[in-house]
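# Fold and geometry: a report
The residues making up each chain are set out below.
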Amino acid sequence: MCGIVGVISNAPVNQLIYDSLLLLQHRGQDAAGIVTQQERKFFMHKAKGMVKDVFRTRNMRALPGNCGLGQVRYPTAGNAFSEEEAQPFYVNAPFGLVLVHNGNLTNAQALRSELFTTDHRHINTESDSEVLLNVLADEIDKATRGKALDVQDVFAAVAAVHRRIRGSYAVIALIAGHGLLAFRDPYGIRPLCLGRNTDGTIMVASESVVLEGSSHVLDRDIAPGEAVFIDLEGNISSQQCAQNPRLHPCIFEFVYLARPDSVLDGISVYQARLNLGETLAKRVVSAVPPSQIDVVIPIPESSRPSAMQLAQLLGLPYREGFVKNRYVGRTFIMPGQGVRKKSVRQKLNVIGSEFKGRNVLLVDDSIVRGTTSREIVQMAREAGANKVYMASAAPPVRYPNVYGIDMPTSSELVAHDRTIEQIRDLIGCDALIYQDVDAMKQAVGNLRPDLDGFDASCFDGVYVTGDITLADIERMNDERPNAQEDEEDTSRLALPNARHG
């Protein structure tokens with residue numbers, strides 16, 4: 001999960017890209033980068049850290065030009081501690097290319113070998129995004145064969161990229177002196193949308209909130225497998241470049257990853273979370289009589305819409321029982337389990353009066369590793385809660401994710417190979433209620449009936465690309481940024497090989 005943005009304008013874009021990255025900060029806190037183009041020259045600054053810390057006035061002044069790209073990074077492959085793996089990535093041929101990528105390539109290792117032995121290209125980092133850039137550069141080189149670049153050559157190159165790479169990818173690239181290219185994988189797993197301003201500025205970004213927050217109007221989502229090329233004058237060309245595109249967006253975007261004020265692939269994230277709260281309410285009633293619940297308390301912040309809807313339907317008081325320190329990062333996307341454990345109590349503080357002597361129902365968007373949930377239940381008990389029930393707006397996360405979310409190791413997933421009762425005991429709550437997988441898909445899918453489906457692999461074990469094996473997951477575990485820091489137990493993976501979608 002990363003956040004990416006690209007802009008073509010008639011005015012300098014450095015400040016606009018910076019502001020856009022602030023709106024995408026929730027998608028990655030490890031590193032940030034911006035590249036701009038003036039004439040045929042690229043200007044780049046990138047480093048580890050939050051957007052506000054990476055860019056100073058002197059850095060912004062060194063980013064001239066009317067078009068550019070930006071990215072906030074959350075590492076799922078490569079080295080989380082390497083400055084060199086911050087994006088954008090650059091190659092000087094053909095033409096000069098820079099690229100930002102959101103997603104995860106599942107065949108990066110094979111491509112890395114192929115690029116070296118067959119295409120004679122050097123990969124300098126462990127990042128799959130650099131692999132993707134070099135595959136794209138190689139295919140543009142083949143399509144042009146020494147002649148001037150034509151938009152049909154660009155589309156032919158993207159079609160060849162689709163044939164070579166596997167996994168999830170939303171990509172924005174700049175071709176020096178020509179324009180901006182954006183495309184999505186054939187399943188549309190990671191989001192990407194297009195918008196424009198009245199002054200002629202055109203923007204491509206991971207989420208619609210970036211467009212709206214910068215006075216742009218959402219035009220449309222880029223379709224699965226589609227490529228969009230915007231020349232330096234702002235002329236837009238597009239073409240479907242995949243053979244069998246199908247829209248299967250990652251359902252975890254709607255559960256947790258995206259901002260609630262975004263609309264992804266025509267689905268309001270906020271409304272999706274309200275719907276999840278409605279279906280979760282039915283599960284709660286079957287597990288704990290509402291008369292035994294005094295108050296519903298969300299765990300900030302993604303769970304608020306679901307918790308509000310649940311409380312309203314059950315006729316229960318809704319209260320804010322936790323205050324979030326906004327200057328501590330999202331624990332889910334922090335590298336290292338030790339950092340997560342330490343940050344929970346720095347991140348949240350209880351309002352004791354909302355807990356003392358009460359039976360409280362805590363509502364979270366999801367329970368992944370269980371570390372945060374266990375700490376929060378303990379905090380509620382220390383504040384004087386009589387009973388602590390916990391409800392998750394998402395089903396149990398039982399399977400590794402390989403498409404760009406940092407949960408590929410089974411030993412990190414609290415629900416892997418455990419019963420609900422075992423999870424409840426580990427977390428320490430008095431009752432644990434999970435969303436149902438089919439109910440989750442229906443709750444979100446009802447907002448767009450023509451959707452082909454979702455990637456819900458971390459919940460149901462069905463990998464939509466249909467090419468993921470146990471060996472692939474074990475290999476990606478070895479490649480992940482925290483492989484040496486977190487315990488791994490790939491021998492206990494329960495991958496349902498017969499269920500690849």
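Structure shown above.
Below or above, wherever it landed, is the structure these notes cover.

Parameters and conventions
Residues numbered from 1 in each chain as written. Predicted model: local features only at pLDDT ≥ 70, side-chain atom pairs only at ≥ 80, totals over all residues. Heavy atoms only, no water. Helix = DSSP H or I, 4+ residues; strand = E, 2+ residues; numbered from the N terminus. Buried < 20%, exposed > 50% of the residue type's maximum accessible area, 1.4 Å probe, protein only. Pairing = 2+ DSSP bridges. Axes fitted to C-alpha atoms, helices over the stretch in contact; angles between N-to-C directions. Phe/Tyr/Trp six-rings, centres within 6.5 Å; stacked < 30°, edge-to-face > 60°. Polar contact = N/O pair within 3.5 Å; in protein donor to acceptor, adjacent residues only side chain to side chain. Contact = heavy atoms within 4.5 Å. Parallel < 35°, antiparallel > 145°, perpendicular 65-115°, else oblique. Left-handed = near helix turned anticlockwise from the far one by under 90°. Salt bridge = Lys/Arg side-chain N within 4 Å of Asp/Glu carboxyl O.

### Some remarks on the environment of Ile-4
Tracing the sequence through the fold places Ile-4 in strand β1 (residues 3-8). By relative accessible area, Ile-4 is classed as buried at 0%. Between the alpha carbons of Ile-4 and Asp-460 there is a distance of 28 Å; along the sequence they are 456 residues apart.

### Considerations on the sheet that holds strand β5 (residues 89-91)
The sheet built from 6 strands is open, its strands ordered β5-β6-β7-β8-β12-β13 with antiparallel pairing. Both outer strands of the open sheet, β5 and β13 (236-240), are each paired with one neighbouring strand and no more. If you compare each strand with its neighbour and ignore which way they point, the axes differ by 20 degrees on average.

### Describing the packing of aromatic side chains
In this structure the tally under the stated criterion is 8 aromatic pairs. For the ring pair Tyr-18 and Phe-55, a centre distance of 6.1 Å and an interplane angle of 85 degrees mean the geometry is edge-to-face. Highlighted residues: Tyr-18 in helix α1 (residues 14-23) and Phe-55 in the loop between α2 (51-54) and α3 (57-61), separated in sequence by 37 residues. A single burial state applies to Tyr-18 and to Phe-55, both of which are buried. Centre to centre, the rings of Phe-42 and Tyr-90 are 6.0 Å apart; their planes meet at 80 degrees, and the pair counts as edge-to-face. Within this pair, whereas Phe-42 is found in strand β3 (residues 41-48), its partner Tyr-90 is found in strand β5, the two being separated by 48 residues in sequence. Judged by its relative accessible area of 17%, Phe-42 falls in the buried class.

### Let's talk about the side chain of Gln-435
Along the polypeptide, Gln-435 turns up in the loop between β21 (431-434) and α14 (437-445). Residue Gln-435 is classed as buried on the basis of its relative accessible area, which comes to 2%. A distance of 2.9 Å separates a polar atom in the side chain of Gln-435 from a polar atom in the side chain of Thr-279. Discounting residues that sit within four places of it in the chain, Gln-435 has contacts with Leu-276, Thr-279, Leu-280, Arg-283, Ser-392, Ala-393, Ala-394, Pro-395, Pro-396 and Met-440.

### Looking at the sheet that holds strand β20 (residues 387-392)
Spatially, β16-β19-β20-β21 is the arrangement adopted by the 4 strands of the open sheet, whose pairing is parallel. The open sheet has two edge strands with one neighbour each: β16 (295-298) and β21. Geometrically, the sheet is characterised by an average inter-axis angle of 20 degrees between neighbouring strands, direction not taken into account. Alignment of β16 against strand β19 (residues 359-364), held across 4 bridges, turns out to be parallel. The residue bridging Val-296 from the neighbouring strand is Leu-361, located in β19. Each of β19, β20 and β21 touches helix α9 (residues 269-287); the most contacted strand, β21, lies at about 145 degrees to it. Along the sheet, helix α10 (residues 304-314) makes contact with β16 and β19, crossing β16 at roughly 170 degrees.

### Details of the packing of α9 against α14
Close contact between α9 and α14 brings their axes to 8 Å; oriented N to C, the two are set at 140 degrees. Considering their axes alone, α9 and α14 lie oblique with respect to each other. Like other packed secondary-structure pairs, α9 and α14 cross with a definite hand, here right-handed. Contact with α9, carried on its side by Ala-272, Asn-275, Leu-276 and Thr-279, involves Ala-439, Met-440, Ala-443 and Val-444 of α14 and no other residues of that element.

### Some details on the side chain of Ser-262
Structurally, Ser-262 is set in the loop between α8 (252-257) and β14 (263-264). Within the structure, Ser-262 has its side chain in polar contact with the side chain of Glu-207 (distance 2.7 Å). A polar atom in the side chain of Ser-262 sits 3.4 Å from the backbone nitrogen of Val-209. Not counting chain neighbours up to four residues away, the residues in contact with Ser-262 comprise Glu-207, Ser-208, Val-209, Ile-267, Ser-268 and Val-269.

### Overview of the pattern of salt bridges
If you walk through the whole model with that rule in mind, you get 29 salt bridges. Measuring nitrogen to oxygen at the nearest pair gives 3.9 Å for the salt bridge that ties Asp-467 to Arg-166. Here the residue Asp-467 occupies a position in the loop between α15 (457-460) and α16 (470-479), and Arg-166 occupies one in the loop between α6 (151-164) and β7 (167-175), the gap between them amounting to 301 residues. The salt bridge partner of Glu-253 is Arg-190, with a shortest N-O separation of 3.2 Å. Of this pair, Glu-253 sits in helix α8 while Arg-190 sits in the loop between β8 (179-184) and β9 (193-196); the two residues are 63 residues apart in sequence, bridging distant segments of the chain. Per residue, the accessibility class of Glu-253 equals that of Arg-190, and both read buried. Three or more residues joined by partner-sharing salt bridges are found here, namely Glu-114, Asp-119, Asp-138, Glu-139, Lys-142 and Arg-164.

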